[in-house]
Amino acid sequence: MLKITSKQLEVTAPILERIEGQFEKLTRHDVHLINPHVIITQEKQLFKIEASIGLPSGELFAQAKNDNLYAAITAMGKKLEKQLNRLTHKPQAQRHTILERAEDDFEYIYKEDTAA
C-alpha cells in the first residue's frame, strides 16, 4: 500500500497516477516492496519529492528536486529503479567474477601417450 504525504500541496489524481506509474515499474523486478512512502514538499519555486521503500534485503531511498513536479517524480522513479536494478543483479555480478576467476585458475595439460 503506497503512502503519500504532501506538505503545502494537494495531491491530485494526475499526480497520484504518475507516482503509481513509477512504482509499477519497480514491481517488474519481482521484489516485494514493504511500506513505500512518498513525501512531496514545495520549497519556493522547487518541488522536492522523497521516496523510501523497504525491501526484504534492505531499503531504497531517493530524492529529487525540480521546478516541475512531474519531472521530479520521474527523476525520483529513475533513481529508485537504478538502485533496485543494482540490488537485484548484485548476486549475478558476484557470481560472474567467481566464474571468471575459476576459469583463469584452470589449466589443462594434455600429454599424448606414444606407443611404440
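Here, the structure is the one placed above.
Here goes a summary of the coordinates provided. Keep in mind that this is a model prediction, so the values were computed, not measured.

A separate point is the pairing of strand 4 (residues 58-66). The sheet contact formed by strand 3 (residues 46-55) and strand 4 spans 9 bridges and is antiparallel. Residue pairing across strands places isoleucine 49 opposite alanine 64, the latter belonging to strand 4. Taking the residues between adjacent antiparallel strands as the criterion, strand 3 and strand 4 are bridged by 2 residues.

To continue, consider the nonpolar core. The tendency in soluble globular proteins is for nonpolar side chains to be buried as a group. Core analysis: the largest hydrophobic core is formed by 21 residues, its most contacted members being Ile19, Phe23, Ile49, Ile53, Met76 and Leu80. When contributions to this core are tallied by element, the ones reaching two or more residues are helix 1 (13-26), strand 2 (34-43), strand 3, strand 4 and helix 2 (69-105). Of the residues forming this core, the biggest block, 6 residues, is contributed by helix 2. Other than its neighbours up to four places away in sequence, phenylalanine 23 contacts Leu2, Leu33, Pro36, Val38, Ala51, Ile53 and Leu80.

Mapped onto the fold, histidine 37 is located in strand 2. Considering only alpha carbons, one finds histidine 37 and glycine 54, 17 residues apart in sequence, at a separation of 9.1 Å. Excluding residues that lie within four positions of it along the chain, histidine 37 makes contacts with Lys3, Thr5, Glu50, Ala51 and Ser52.

The next point concerns helix 1. Taking 1.5 Å as the rise per residue, helix 1 with 14 residues should run 20 Å; its terminal C-alpha atoms sit 20 Å apart, in good agreement. When we look at burial in helix 1, the residues that qualify are Ile15, Ile19, Gln22, Phe23 and Leu26. End-on, the buried residues of helix 1 take up no more than an arc of 95 degrees, which puts them together on one face. With respect to the buried face of helix 1, the exposed residues turned more than 90 degrees away are Glu17 and Glu24.

Here is what the cut-offs are and how they apply
- Residues numbered from 1 in each chain as written.
- Predicted model: local features only at pLDDT ≥ 70, side-chain atom pairs only at ≥ 80, totals over all residues.
- Heavy atoms only, no water.
- Pairing = 2+ DSSP bridges.
- Helix = DSSP H or I, 4+ residues; strand = E, 2+ residues; numbered from the N terminus.
- Core = buried A, V, L, I, M, F, W, Y, C linked by side-chain atoms within 4.5 Å.
- Buried < 20%, exposed > 50% of the residue type's maximum accessible area, 1.4 Å probe, protein only.
- Contact = heavy atoms within 4.5 Å.
- Expected span 1.5 Å × (residues − 1).
- Arc of directions from axis to C-beta.

Bear in mind that shape data such as this cannot, by itself, settle questions of function.
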